[in-house]
Structure formats: C-alpha cells, structure tokens
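Per-entry structural report
Single-letter residue listing:
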Amino acid sequence: MTGDRRTTMTRRAFVGGMGALGAALAAGALAGCGDSASNGGAEAATTSSADAKHQVTVAMSTSNEPASGFDPCINWGCGEHVHEPLIQSTLIVTDENMSFVNDLATSYEVSTDKLTWTFKIRDDVKFTDGEPLRASDVAFTVNTIVNSKNSEADLSMVSEATALDDTTVELRLNKPSNVLLYTLAVMGIVPEHAYGPDYGSNPVGSGRYKLVQWDKGQQAVFEANPDYYGDAPNIQRVVAVFMEEDAARAAVMSGQVDMAFATAISAGFDLGAAASDYTLDAYETVDSRGISLPVIPSGSTKADGSNEYPAGNDVTCNLEVRQAINYGIDRQGMIDNVLNGYGSPAFSVGDGMPWASPDMRCEQDVKKAQGLLEAAGWTRASDGDTYAKDGKECAFDLWYPSNDSVRQAMANEFANQMAGVGIRVTPRGGSWDELYPHEFSDPIMWGWGSNSPSDVYEMNHSKGTMNYACFADETTDEYLDQALAADTVEDSYPLWQRSEWDGTEGVAPQGQATWAWFANVKHLFWRRNGLTVAAQKLQPHGHGWSVLNNVDRWTWS
C-alpha cells in the first residue's frame, strides 16, 4: 500500500451536497448532475430498471471517492484502496482463499528464466462501447502504467508488454517477481481506442458493471453490464454515496442507505428507531495499525521520491528499546479500550495470510521489556520514572494523522502503556504533509495491509519503498529476493516467513524489531436486515470499496 494521503471536503461543501443527495434518495431517484457524462462509459441516469431486490446503496467515507476518477492506470483499484475494479475486467482474480482464478485470462505460463510471462485471453469479450477487447488492450494498459509517473499500481518489475496476436500478450520483466500476479488481480484493462485524459470520468470497460453516473463529491452509480461475458450480476444497480461518518450514521437512522461504514469509536452510538432495522457487521481484515521504529542513529538523510528527509532516531536505534517496545504492548487492551473489541492483535503486516510468519507473534511481558533495557545499561531512579542512559531519556515522539480519531486514540493508549514500561512517548498529530518529513526519523502510526506479500518486501528490503525503519540486512534481502523468484507463489511462502525470522535473525520482535504492530482493525458496516453480503476475503487497508468485490453475488431476502 502507499501512504495515507487523503483529500477531504470542507464541512460546508459536504453539508450542501448532502442536502441535495438526501432529497434525491428520499425521492427514490438519483438525479443527473453537471459532472455526469453520456457515452460508452458514464451515462446520465435518472431512472433504473432494477427493482428494489436487485439494487443496493452503500455509504462510504469521502476518502473512498477516487480523486482521479475510475482509471486503473492511476489509482482505481490500486494504491490506497486496493479492490477489484468492477467496471473493468482483470486478467485474473483472487477468491476468498486468496487462490488465483482466471478472468480474462484462459491460461498463463512463465519462461524458465522467470522473466517472460505469457497470457492467453478470451476472444468473446467486448467493451461497453461494443468494441472487442484484444491482447493489444492488455499490453496498452500495462505499458501505460509502467510509463506513468502518476500510477499507484505496482508494475515496477515489468519492462514492457507486447501483444503477440489478438489473444496472446507477453509481459517481459526486469527481475523475477511472482507478486506480479497480485497486481494483475486488481489491474483493470482499459481500451486503447477510448483511453484519454478524461477516461477517469467516462470509463469504458468490460467488467461486471458500468459507471452510469458520477456526481463528484456525492455519489457514483453503477449498473450491470448487459454484455458481460460472465454470470449476470444479481445486484443490478450499485450506488456508492460518499459521506463523512456522522452523515453516514444519519443516513442509516433515516433508512436512506442499505449499508454504511462505521468506526469502532462510533459503532456504539444509538441508532434510535432504526436500530431494529440494521445489524452491525464486523469484517476481518489485514488492515494493520503499527509504528515504524528507525534502526539507525540520527544524522543522515533518506530520499522519498524527489524529497530528502532526515533519517534516524537516537532512541529507537537501540535494539533493546525496539524489543522492549514490542514486549511492552498490551495489544488486547488496546483493542478493548480503543476499538471497543472490534479488532484482533497484530504482529505483522499480513496476519492470517499464508505468507505470514508465526514467529512474529509477541506476547506482552513488561518485566522482560524492562529487563532488556536494564541489561543494556538503562536505569531509572524509581518505578514511575523514565529510563535513561548516558544522560539521554528513553523517550521519543509518535506522529499520527490528526484527522484519524482511531489512530489518535491508539497513539495515546500506546503512550500510556509505554509509561508503565518506563518509556516516555509524546503523541503528536498533524496533516500528512506534516508527517512525511518525519517518516524516516520518528515513529509514525501507520495503516497498512494488502492481499499481497509485496508489503513484506517493501517494508523490509534495503531498497523497499516503505522501509521507514531504514533497515538494511543482506540475509533479509536475500530471502526477500528469493521469495520473489520462487517457482510458484506457494513456494514463496516459507521464504517470506524466513525473512521475518529464520530461527537466528530477522525483523521479528526477538530479532531486529523494526516495527511494532498493534491491531488489525475490523471493518464495520451497518447493514440493513434482509441484505445478505457474500462471503468476504480478508479485507485490505482502506475501509470501503473492497467490501464490494463480490457485490454481484449479494442477495435480498
């Protein structure tokens, strides 16, 4: 996943938009607005042929509205919110068990040097403008992403894609990488003939749904694609409305939506008369909250793109401090106190996934944490004091995004827990523009998690794009590179696990302890009774679109 850069509406603009939206919902219609378009992609939609049992309205946070529109070559389906793109087809998909299943692809094979992947695709697929989908469209999509400076899809391992004929496409890699499959599972294919600067607002696809209306700042409306090559969606119309949390709750209380997101902090609020009409669902996730722990002392810098930021921390650079932090955390206490029980203890970025190492698990042991500090020469005058060594306190700042009440509460809870260990933590809130300059020098409360082991690589490899701990180790790098180059995805699982702990070394709490993980946050949704949501795979970071991965299979009783 990328970092947590977000865009939010002003309260005044939001309330004004919601007034119009509320009236439209109450009237049972969705009025066309100025930002809607009519062509092979988005069409003005004021009425629908779908009856009440074949449509659903879901309230998502405003951060889920794609800033660049519904363009897979930028960030639709990838980046901050990883999910199936709905409008576009993908070469493959993952099922509830994270196994790969063909979608457009009918087969694929890898060369012996693992640098060439060849996909055969279906010959019966059409875009919503009637044009056939060819291998050249797949190659165009891949090459557009590879050559784009704005794309958030990770195809860094691909050099070029070439269409060999109408149903065969070849991807040439610059290094072996089986995690390519996880990117392809959410990479929507766009039409070469209809792709341009306004594609995000007027997408032409070949997926289960087509975008028929997008009222920016308010809602997006999807209808079933009548020419879809797969099973016809049972839910024929999907309306996603973008709301702040209090407005989403109000929409539930007034019965205007069928599902609405909620956070652990607000989940206990009284719904009034609507309480008997809705059930609070809690979906398991790999949406992890944790903090990076810089392993090098201060005094150097590190680049993030074109930016150069200070790197290193004179407290967390001490191994015993990082280990003590991990052993000092009461994860279940944090879940109970902050998340009202709606979470599970986190020990890595991929708990529950087949590549996760059981050796990342770390139980709270405050005496062990204090023993580690004292064995390394840290002392304190009395039990209530902060440890110090060579005149330096065992203290550091912890940054969190100030617009995230859950992370703020977690930061404060963590500070209280560390005070009991003898480590002083000062929570500091700020915008992401204020946080990023601290990404290599101070612990930050991050939110991570995807349905791919690529996060393990990016966080722990010396050249990883999310290596905020500034960790570099040849053995770990070797395991990670071997995992990418494994013959099959299944063969890579033990190698990902060994990169975290091989029995002697690794990034695990008993090893280099480069991160401290707190909780996997369950994704909460108020669901109208009578609506059955199809079985979900573990949802990634980004509380929103991923719940709609299989909306075509939802049902009403």
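Whatever comes next refers back to the structure up there.
Residues numbered from 1 in each chain as written. Predicted model: local features only at pLDDT ≥ 70, side-chain atom pairs only at ≥ 80, totals over all residues. Heavy atoms only, no water.

Before going further, it helps to spend a moment on the nonpolar core. Grouped burial of nonpolar side chains is what soluble globular proteins tend to show. Of all hydrophobic cores here, the largest spans 88 residues; its most connected members are Ile325, Phe414, Ile423, Leu548 and Trp554. Here Ile423 is in contact with Ala324, Ile325, Leu373, Thr386, Cys394, Phe396 and Met418, once residues within four sequence places are set aside. (Core = buried A, V, L, I, M, F, W, Y, C linked by side-chain atoms within 4.5 Å. Buried < 20%, exposed > 50% of the residue type's maximum accessible area, 1.4 Å probe, protein only. Contact = heavy atoms within 4.5 Å.)

Time to look at helix H4 (residues 245–253). For H4, the full list of buried residues reads Ala247, Ala248, Arg249, Ala251 and Val252. One or two positions beyond H4, positive phi appears at Gly255, with a value near 70°. (Helix = DSSP H or I, 4+ residues; strand = E, 2+ residues; numbered from the N terminus.)

Okay, helix H5 (residues 319–328) next. For H5, a buried count of nine out of 10 residues is recorded, marking the element as mostly surrounded by other parts of the structure. Among all positions of H5, only Glu320, Val321, Arg322, Gln323, Ala324, Ile325, Asn326, Tyr327 and Gly328 are buried. Looking at the buried residues of H5, the elements they touch are helix H6 (331–338), helix H7 (366–375), strand S17 (388–389), strand S19 (395–401), helix H8 (405–421) and strand S22 (515–521).

Okay, the packing of aromatic side chains next. Per the counting criterion, the structure on display carries 26 aromatic pairs. Among the aromatic residues, ring-to-ring pairing joins Phe70, Trp76, Trp214, Phe222, Phe242 and Trp545 into one connected group. Lying over the aromatic face of Trp214, Lys216 brings its terminal NZ or CZ to 4.8 Å of the ring centre. (Phe/Tyr/Trp six-rings, centres within 6.5 Å; stacked < 30°, edge-to-face > 60°. Lys NZ or Arg CZ within 6 Å of the ring centre and 35° of its normal.)

A few words on the side chain of His461. Within the element layout of this structure, His461 appears in the loop between helix H10 (454–460) and helix H11 (474–484). At a separation of 3.0 Å, a polar atom in the side chain of His461 contacts the main-chain amide nitrogen of Lys463. (Polar contact = N/O pair within 3.5 Å; in protein donor to acceptor, adjacent residues only side chain to side chain.)

Now for the sheet that holds strand S6 (residues 158–165). With antiparallel pairing, four strands are arranged side by side in an open sheet as S4-S5-S7-S6. Each having just a single partner strand, strand S4 (105–110) and S6 make up the two edges of the open sheet. Adjacent strand axes in the sheet meet at a mean angle of 20° when their direction is disregarded. For strand S5 (residues 116–121) and strand S7 (residues 168–173), the ladder comprises five bridges, and the chain directions are antiparallel. (Pairing = 2+ DSSP bridges. Axes fitted to C-alpha atoms, helices over the stretch in contact; angles between N-to-C directions.)

This structure, assessed with the given rule, holds two cavities of 30 Å³ or more. Taken as a whole, the largest cavity encloses approximately 90 Å³ of empty space. The set of elements that each furnish at least two residues to the lining of the largest cavity consists of H10 and S22. Tallied by class, the residues present in the lining of the largest cavity amount to six nonpolar, three polar and one charged. The calculated volume of the second largest cavity comes to roughly 30 Å³. Every residue lining the second largest cavity is listed: Glu245, Arg249, Phe261, Ala262, Ser266 and Trp526. (1 Å grid on protein atoms, 1.4 Å probe; cavity = no way out; pocket = protein on both sides within 12 Å on 5 of 7 lines; lining within 4 Å. Points joined across faces, edges and corners; volume = space filled by probe spheres on them. Nonpolar A, V, L, I, M, F, W, Y, C, P; charged D, E, K, R; others polar.)

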